Structure formats: C-alpha cells, structure tokens
Amino acid sequence: DGGITQSPKYLFRKEGQNVTLSCEQNLNHDAMYWYRQDPGQGLRLIYYSQIVNDFQKGDIAEGYSVSREKKESFPLTVTSAQKNPTAFYLCASSPTGNSYNEQFFGPGTRLTVL
Amino acid sequence: KQEVTQIPAALSVPEGENLVLNCSFTDSAIYNLQWFRQDPGKGLTSLLLIQSSQREQTSGRLNASLDKSSGRSTLYIAASQPGDSATYLCAAAYYGNNRLAFGKGNQVVVIP
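Residue positions are given per chain, counted from 1 along the sequence in the order it is written. For this description, chains carry letters from A and ligands carry numbers from 1, given in the order in which they are written. The model is predicted, so local features are restricted to residues of pLDDT at least 70 and side-chain atom pairs to those at 80 or more, both for listing and for counting; the totals for chains, interfaces and linings are taken over all residues. Only hydrogens and water are set aside when side-chain values are computed; all heavy atoms of the structure are taken into account.

**Q** Honestly, the environment of B:Gly103 in this entry has me stumped. Any pointers?
**A** Residues and elements named next belong to chain B. Each helix is a run of DSSP H or I of at least 4 residues and each strand a run of E of at least 2, with the numbering of both proceeding from the N terminus. Checked against the element boundaries, Gly103 lands in the loop between strand 10 (100–102) and strand 11 (106–111). With 96 residues separating them in the primary sequence, Gly103 and Ile7 have C-alpha atoms 9.3 Å apart. A contact between two residues is defined here by any heavy atoms of the two lying within 4.5 Å. For Gly103, the residues in contact, after removing those within four places along its chain, are Val4, Gln6, Leu89 and Cys90.

This is how it looks when you write it as structure tokens:
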C-alpha cells in the first residue's frame, strides 16, 4: 500500500526532554511537510523539505529541528526549547516541491507533555 | 496576508439534507484550492482539488466550486449521511508561495 506513516501514534514527553517523531512515505514524493494542529488554531507549518538534504523553516520553527537524509523519511525533533509542545503533529507529502500539488497526509502523532 | 476563512466553525444538519460549506480567501492570485476531511484524532484525507482555471470539480456526492472574483469556494455534499460527520478544511495554494494557507475548518454533525 502506498502512503504516509507516522509513529508513534501517541507520545509522552517529560519536561526538558527531546523527542523525535517519525514520518515515512513510499509515494516517491519529493516534498515533505510538518504541521502542528491545536484546537481552534488550524494547521500551522513547522518545517518543509522540497528535496533531499534541503529543508526550510515554516511559520513556527522555533524549538523544532528536522533532517532529510533520505527521500522517504522526514523526522521531526521536538526539543526542550519548545515551551508548549502538546499538540497533534501531522506530516504530509506532495509530488514536487511547491504548494501547487495535492498534499497527502499521514495519520498524525499526538504529543503530550507530562 | 493570504488568509483563508471558514464560517461557521460548527454546524449540524438532519440526515438527507444537502450540506453547503464555504471557504473564503483574501488573495485572488490563487493557484488551486484543496478540500480535506478530518475525522477526530486522525489525519487529513484529500477530497477534491480544484484548479484556478476550473469552475468546479466533482467526486460522487461531493462537488466543489471556485469563484476567484468573489474569493470563495463552496463544497456541496448531496444527501448527507451520518458518516459525513467530520471536520472539513480547505487550503489555498498561491502563485509564488511554497506553502498552503489553511482554514480552521467546519465541524459538521449529520443528525440521524
């Protein structure tokens, strides 16, 4: 089956910990995206990558880091510098690296800070 | 600023009625507009993508229209069913911008 997988589905973080959220796609898409979703706020773009070994900050990149070493993988690290990380995190991909293409989403990871 | 607005935030309709959801955007330099469905605790599922050169796009009971001059897209769902209960989001892609602008969504409940 082609698609986007995210793991884990639920993640709990203690104060001061870094955690990494996984996103993998087998759609052979060039571009991948990370969004954060909070109740009543809609989706906000954290980071995006248009091609392997390249990525750009989105609107709320502070406290997050990413890497894009392989085409199919785009992990997101939530660092201790992110003061309010509790949210629903969504990964997406699109065929090429511009917003003109249809975006496809993974099932999401819910992160909770204890 | 390229903003996308969806009003109302929540609505309910009786089963069998047609659903009409509106999405307003502020910039007419829109390239395309995408409608998504989101079930609670799940990711987004793409429903329809309508290009700026198109007036409408159809898939089964779903029909999306796009009017650039008025800055509005409408999603119609014919003969609504309880399984249509979900949050519907629209997202606009603009020329020269590498990111989508998302609305906050319409939370829909179809009452049996």
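**Q** Honestly, the environment of A:Leu111 in this entry has me stumped. Any pointers?
**A** Residue and element names in this part refer to chain A. When you line up the elements, Leu111 lands in strand 11 (residues 109–113). Buried residues are those whose accessible area, probed at 1.4 Å on protein chains only, stays under 20% of the maximum for their type, while exposed residues exceed 50% and partly exposed ones sit between those limits. Residue classification places Leu111 among the buried residues on the basis of a relative accessible area of 0%. Note: C-alpha distance between Leu111 and Leu11 (100 residues apart in sequence) is 4.8 Å. Apart from residues lying up to four places away in sequence, Leu111 is in contact with Leu11, Arg13, Val19, Val78, Pro85, Thr86, Ala87 and Tyr89.

**Q** How should I be thinking about unusual backbone geometry in this particular structure?
**A** What you tend to see is this: most non-glycine residues have negative phi, and most peptide bonds are trans. Each neighbour pair has its own omega, and for A:Ser7 with A:Pro8 the value is -5 degrees, a cis peptide bond. You can see A:Pro8 is positioned in the loop between strand 1 (4–7) and strand 2 (10–13). Cis rather than trans, the peptide bond between B:Ile7 and B:Pro8 has omega equal to 5 degrees. Inspection of the secondary structure puts B:Pro8 in the loop between strand 1 (4–5) and strand 2 (10–14). Here the phi dihedral of A:Asn28 falls at roughly 60 degrees; this positive angle occurs in a residue that is not glycine. Along the chain, the position of A:Asn28 falls in the loop between strand 3 (19–25) and strand 4 (31–38). Located in the positive-phi region is B:Ala79, a residue other than glycine, with phi close to 45 degrees.

**Q** In this structure, what is going on with the interface of chain B and chain A? I would like to understand it.
**A** Many structure descriptions define interface size as the accessible area lost when the parts assemble. The partner chain A presents 26 residues to the 22 residues of chain B that form the contact. The junction of chain B with chain A conceals about 1800 Å² of combined surface from both sides, 51% of it contributed by carbon and sulfur atoms. Definition used for salt bridges: Asp or Glu carboxyl oxygen within 4 Å of a side-chain nitrogen of Lys or Arg. Counting the contacts that link chain B with chain A gives 1 salt bridge. The shortest N-O distance in the salt bridge between A:Asp59 and B:Arg99 comes to 2.5 Å. Counted as a polar contact is a pair of N or O atoms within 3.5 Å, where, for protein atoms, one must be capable of donating a hydrogen and the other of accepting one, and residues adjacent in sequence contribute only when both atoms are in side chains. The interface formed by chain B and chain A contains 6 residue pairs in polar contact (both at pLDDT 80 or more). Going through the elements one at a time, strand 4 (30–38), strand 5 (44–51), strand 9 (86–94) and strand 10 of chain B are the ones with two or more residues in the side of chain B that touches chain A. In terms of residues, the side of chain B that touches chain A owes the most to one element, strand 4 of chain B, which gives 5 residues. Each residue gets one of three labels, nonpolar for Ala, Val, Leu, Ile, Met, Phe, Trp, Tyr, Cys and Pro, charged for Asp, Glu, Lys and Arg, and polar for the others, Gly among them. Of the residues assigned to the side of chain B that touches chain A, the class counts are 10 nonpolar, 9 polar and 3 charged. Put simply, buried area is how much 1.4 Å-probe accessible surface two parts lose in total, over both of them, once they are put together.

**Q** Teacher, can you tell me more about the pattern of salt bridges here?
**A** Counted under the stated rule, the structure contains 6 salt bridges over all chains. A single salt-bridge network, built from bridges that share partners, covers A:Arg36, A:Asp38 and A:Arg44.

**Q** I would appreciate a short explanation of the sheet that holds strand 8 (residues 72–77) of chain B in the present structure.
**A** The strand order 1-3-8-7-6 (chain B) describes an open sheet built from 5 strands, whose pairing is antiparallel. Of all strands in the sheet, those with a lone pairing partner are strand 1 and strand 6 (56–59) of chain B, marking the two edges. Pairing between strands is defined by DSSP: at least two bridges between them are needed.

**Q** How do you make sense of the sheet that holds strand 8 (residues 76–78) of chain A when you look at a structure like this?
**A** Pairing between sheet strands relies on hydrogen bonds along the backbone, with the strands arranged either parallel or antiparallel. All names here are of chain A. Overall, antiparallel pairing links the 4 strands, which are arranged 1-3-8-7 in an open sheet. Both outer strands of the open sheet, strand 1 and strand 7 (64–66), are each paired with one neighbouring strand and no more. Put simply, the sheet's adjacent strands are angled 20 degrees from each other on average, direction ignored. Bridge analysis of strand 1 against strand 3 gives 4 bridges, and the strand direction is antiparallel. Directly across from Ser7, in strand 3, lies its bridge partner Ser22. The axes are straight lines fitted to the C-alpha atoms, using for helices just the contacting stretch, and the angles between their N-to-C directions are given from 0 to 180°.

**Q** Sorry, what's going on with the packing of aromatic side chains here?
**A** Aromatic pairing here means that ring centres of Phe, Tyr or Trp (its six-membered ring) are within 6.5 Å. Orientation follows from the plane angle: under 30 degrees is stacked, over 60 is edge-to-face, and everything else is tilted. A full pass over the atoms with the stated rule returns 10 aromatic pairs over all chains. Ring geometry for B:Tyr31 versus B:Tyr95: centroids 5.0 Å apart, planes at 80 degrees, classification edge-to-face. One end of the pair, B:Tyr31, is in strand 4; the other, B:Tyr95, is in the loop between strand 9 and strand 10, and 64 residues separate them in sequence. A relative accessible area of 26% means that B:Tyr31 is categorised as partly exposed. A relative accessible area of 45% places B:Tyr95 in the partly exposed class. An aromatic cluster is present here, built from A:Tyr33, A:Tyr35, A:Tyr48, A:Phe105, B:Phe36 and B:Phe102 joined pairwise through their rings.

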